[in-house]
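Here is what each chain is made of, one letter per residue.
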Amino acid sequence: MSSPATDLPAKKHTPYVPENMEMKEFTLRAVLLGLLLTVVLGAANAYLGLRAGITIAATYPAAVIAMAAMRAWKGSLLEENIARTAGSIGESVAAGAIFTIPAFLLSRAWPSFRPRDAYWKSTALIMVGSILGVLFISLVRRGMVEDPELPFPESLAASEIHKAGQRGAQAAKYLFWNIGLGGVIYILGKFGLFAADTDLSVGVGSLGHSQVRLGTAGSTQVLPTGGISVFAAPSVSPAYLGVGYIIGVRLASIQFAGSVLAWGLLVPLLIFFLGPQLKAYIPADTAGDWANMADAVWRYIVRPIAVGGMLVGAAFTLFKMRASLTAGIGKAFADLRQTADQQAKLARTERYMSSKIVFSLIGIMFILMCALYVKISGLFWPAILAAVVMILVGFFFATVSGNLVGFIGSSNNPISGLTLSTLLIAALLMVALGVSGTSGVAAVLGVAAVVCVSSAVAGELLQDFKVGYILGGTPSKIQTAELIAVIVASLVMYWPLMLLHEGSIKAGGVGFGGAELPAPQAGLMATLAMGIVGHDMAWPLVVVGILFGIAMIMMQVKSPMLVAVGMYLPFATTFAIFVGGVFRTLGDWLAARRGYNSAQKARVENAGVLVASGLIAGEALLGLVWAGLQFVPSWGAPNHPPQIFSKPSYLVGGMIVLAGLAALMIFLPVTAAGDPNEPAPPTAIM
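Residues numbered from 1 in each chain as written. Predicted model: local features only at pLDDT ≥ 70, side-chain atom pairs only at ≥ 80, totals over all residues. Heavy atoms only, no water.

A. Main features of the overall build of the protein chain. Scanning the protein chain for helices and strands turns up 22 helices and four strands. For the protein chain, the proportion of its 686 residues judged to be buried stands at 58%. Long-range contacts, defined here as pairs at least 24 residues apart, represent 86% of the contacts in the protein chain between residues at least 6 apart. Taken as a whole, the protein chain presents about 27,200 Å² of accessible surface, with 66% of it coming from carbon and sulfur. (Helix = DSSP H or I, 4+ residues; strand = E, 2+ residues; numbered from the N terminus. Buried < 20%, exposed > 50% of the residue type's maximum accessible area, 1.4 Å probe, protein only. Contact = heavy atoms within 4.5 Å. Areas by Shrake-Rupley, 256 points an atom, 1.4 Å probe, with all protein chains shown as cover.)

In structure tokens:
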């Protein structure tokens, strides 16, 4: 006998805008606003990802900006949704690009990153991956969007923000004012008002006096030791502090723990034992030269260990999600069996792009990808096989990405883990075919780049489909807006990457892989591709990292991947992110101490996330401007622009700015608590 619950018919979904209501949706102003947002937010996330190894979901700021603009233009709710949909996808395109495109240069598969060598290749890889991401998820979207088992946390928050129109327009001030403030602080640091970074030299033993006896007392087996290591103070960076505020102190602490392991354990340990040998490479006995040597030890010995840890972390992340991944793939293939009669009965709010069009476009993309891989690698049959692998693995991981977004949101989507899995498959395939050298590395990275971008875009699009499903948008119009947006984002995404890389070089840096632009995920991709295909990897160090990752799993570390990324990033970066997380904790403590209820705490959280998002965007946008100024002869190295102070201070100027940012990020959100009797707004899930 069936239970009463099973006899009840399933409740029909009712969208916020009824399916029979006529409302402006796919308009020129909505699309143009979305394209502007996708370029700006995409470029900002490219900057952030290259510097901090983290991107921030653009859905929430895009929703707030779209709402503020459309309210001023007296636009409709569905126009806001189209603008947010097109505006948020740039972040996913940027994430896919920064995780892989710099790897071509780091692995020396490309001779340079200047336009003649890299623009068309980068653009083609990003565009094909982006379009395939839209097409792949279009095949499997219905079952996931309508699945009651998938909570879609960020989609729910974005849809509620659109509904709560007046609160969203009010919230825009927190975003816009702090965009300006973040940019001003960044540029003042560049002009020498204060020092944004400082290093502290620390003696590790005493060179010429310290020693370790490898035997009992009196043994002549004595190993000379000693040297000088460094510790960095937290960078005075609005962007890093904003990232820490958004991800919270728990995740920031896990990442910072990786840096503490690297710079508090491994680097000092290696400096202690290698000091007498390293001395031969140092021209003068100064702390500065020892700092450079400590950086070399970290970069070429510790980082490969971090690579091994990231490999294990990525595999462990996918393993933990195996049940949800399997379920999502099963539902995706079941949805492909839908009949034409079933499709004809669909209402406006359920109409998607025709499957015939989708499959035709996938076929065209496959042909283009074959030609692109042949051109990039200089190979034929291996390139064709790589394209086949890309289509199969790309579809699988695009579906996986969408399913993960349904559970945990696009902010937490482990795109780098999916890409690593793809890269390993492609690399082993090239080795099996006997392909080696630069051509093989280029083919492997080409597969990884397309799959990475397509997975990132697929997850974001499914999130947008869900928002449209809740609000009552037309899916086919959302798809069209996304296709236009990813094409535009693909055409322009190379330029912020090039600007940052070449600007860093002109300012005296090294570009991708340097202290200014660590690009940890791209560095990992390059290392693996060269190591497996090019036979140029320090495997013993990687194996040590793998064992370290396994040990972290055995110790039940929350996120081994995040610890390994922390080891890979500069200490000043993760320290600043950690400090940002501490600021959020202090703000939460202050809100609790004042006795705020859950509705007030939600408003405080929303305001805090917007303040942090504004600081991130402000530094990112001015960072791109500063990089562009390096191309002006009077601004580039060594002819830097006039400095406010010839020797700016960190202990005075930097700490004052840091204290001011602390006061802003802790106390300003608390002022948004509002009346305790007002209903709770949607929480800003990032």
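B. Inspection of a nonpolar patch on the surface at higher detail. Side chains of Val184, Leu188, Leu193, Ile644 and Phe645 sit close together on the surface and give an oily, nonpolar patch of about 390 Å² of accessible area. Topologically, Val184 is positioned in helix 7 (residues 165-190). (Patch = residues over 30% accessible without salt bridge, like charges linked within 9 Å, V, L, I, M, F, W, Y side chains within 5 Å. Salt bridge = Lys/Arg side-chain N within 4 Å of Asp/Glu carboxyl O.)

C. Main features of the packing of helix 16 (residues 475-506) against helix 21 (residues 598-629). In the contact formed by helix 16 and helix 21, the axes pass within 8 Å of each other and the chain directions differ by 55°. Classified by the angle their axes make, helix 16 and helix 21 are oblique. Seen along the crossing, helix 16 lies across helix 21 with a hand that is left-handed. Listed contacts from helix 21 to Pro496, Leu499, Leu500 and Gly503 of helix 16 are Gly623, Leu624, Ala627 and Gly628. (Axes fitted to C-alpha atoms, helices over the stretch in contact; angles between N-to-C directions. Parallel < 35°, antiparallel > 145°, perpendicular 65-115°, else oblique. Left-handed = near helix turned anticlockwise from the far one by under 90°.)

D. How the structure looks around the packing of aromatic side chains. What the rule picks out here adds up to 15 aromatic pairs. Within the aromatic cluster, the residues linked to one another by ring pairs are Phe113, Tyr119, Tyr494, Trp495 and Phe512. It is Arg303 that lies over the ring of Tyr568; its NZ or CZ is 4.1 Å from the centre. (Phe/Tyr/Trp six-rings, centres within 6.5 Å; stacked < 30°, edge-to-face > 60°. Lys NZ or Arg CZ within 6 Å of the ring centre and 35° of its normal.)

E. Region of the structure containing unusual backbone geometry. Despite not being glycine, Arg108 shows a phi value in the positive range, around 65°. The backbone of Gln556 shows a phi angle near 60°, a positive value even though the residue is not glycine. Considering the arrangement of structural elements, one finds Gln556 in the loop between helix 18 (539-554) and helix 19 (560-568). With a relative accessible area of 71%, Gln556 lands in the exposed category.

F. The arrangement of the environment of Met23 in detail. By the element assignment, Met23 lies in the loop between helix 1 (4-7) and helix 2 (28-52). Since its relative accessible area comes to 30%, Met23 is described here as partly exposed. In sequence terms Met23 and Glu79 are 56 residues apart; their C-alpha atoms lie 8.7 Å from each other. Excluding residues that lie within four positions of it along the chain, Met23 makes contacts with Val17, Ser76, Leu77 and Leu78.

G. Molecular detail of the nonpolar core. Core analysis: the largest hydrophobic core is formed by 198 residues, its most contacted members being Ile101, Phe113, Leu125, Leu132, Tyr373, Met390 and Leu497. Of the residues forming this core, the biggest block, 19 residues, is contributed by helix 15 (residues 437-471). Among all residues touching Leu125, those that are not within four sequence positions of it are Ile101, Phe104, Trp110, Leu372, Tyr373, Ile376, Gly446, Ala449 and Val450. (Core = buried A, V, L, I, M, F, W, Y, C linked by side-chain atoms within 4.5 Å.)

H. Region of the structure containing the confidence of the model for the protein chain. Summarising the model, the protein chain shows a mean pLDDT of 82, and 84% of its residues fall at 70 or more. Here residues 1-10 scores under 50 on pLDDT; set against residues more than four positions off or in separate chains, the count is one contact. (pLDDT = per-residue confidence, 0-100.)

I. Looking closely at the environment of Ala63. Mapped onto the elements, Ala63 comes out in helix 3 (residues 59-72). Sequence separation of Ala63 and Ala158 is 95 residues, and the distance between their C-alpha atoms is 6.6 Å.

J. Quick look at helix 20 (residues 571-593). The end-to-end C-alpha distance of helix 20 is 33 Å, a good match for the 33 Å that 23 residues give at a rise of 1.5 Å each. Looking one or two residues beyond helix 20, the residue adopting positive phi is Gly595, at roughly 75°. (Expected span 1.5 Å × (residues − 1).)

K. View of helix 21. Taking 1.5 Å per residue as the helical rise, helix 21 with its 32 residues ought to reach 46 Å, and the 47 Å between its terminal C-alpha atoms agrees with that figure. Buried residues dominate helix 21, accounting for 24 of its 32 residues.

L. Spatial organisation of the environment of Leu541. Among the secondary structure elements, Leu541 is positioned in helix 18. For Leu541, a relative accessible area of 22% gives the class partly exposed. Residues Leu541 and Arg303 lie 238 residues apart in sequence; the distance between their C-alpha atoms is 8.8 Å. For Leu541, the residues in contact, after removing those within four places along its chain, are Tyr300, Ile301, Pro304 and Ile305.

M. The pattern of salt bridges, seen in detail. Tallied over the entire structure, the rule returns eight salt bridges. With a closest N to O distance of 2.8 Å, Arg84 and Asp464 form a salt bridge. Of this pair, Arg84 sits in helix 4 (residues 77-106) while Asp464 sits in helix 15, and the two are 380 residues apart along the sequence. The pair Arg84 / Asp464 is uniform in exposure class, with both members buried. As a salt-bridge pair, Arg114 and Glu502 come within 4.0 Å of each other at their nearest N and O atoms. A residue pair is termed long-range when its members are at least 10 positions apart, and Arg114 in the loop between helix 4 and helix 5 (115-145) and Glu502 in helix 16 qualify at 388 residues. Among the charged side chains, a salt-bridge network with shared partners connects Arg51, Glu516 and Glu619.

N. Examining the packing of helix 8 (residues 238-278) against helix 22 (residues 650-667) more closely. The geometry of helix 8 relative to helix 22 is characterised by a closest axis approach of 11 Å and an angle of 35° between their N-to-C directions. As for the relative orientation of helix 8 and helix 22, their crossing is right-handed in sense. Packed against helix 8, whose contacting residues are Pro238, Leu241, Gly242 and Tyr245, the element helix 22 presents Leu658, Leu661 and Met665 at the interface. The residue inventory of the contact of helix 8 with helix 22, partitioned by class, reads six nonpolar, one polar and no charged. (Nonpolar A, V, L, I, M, F, W, Y, C, P; charged D, E, K, R; others polar.)

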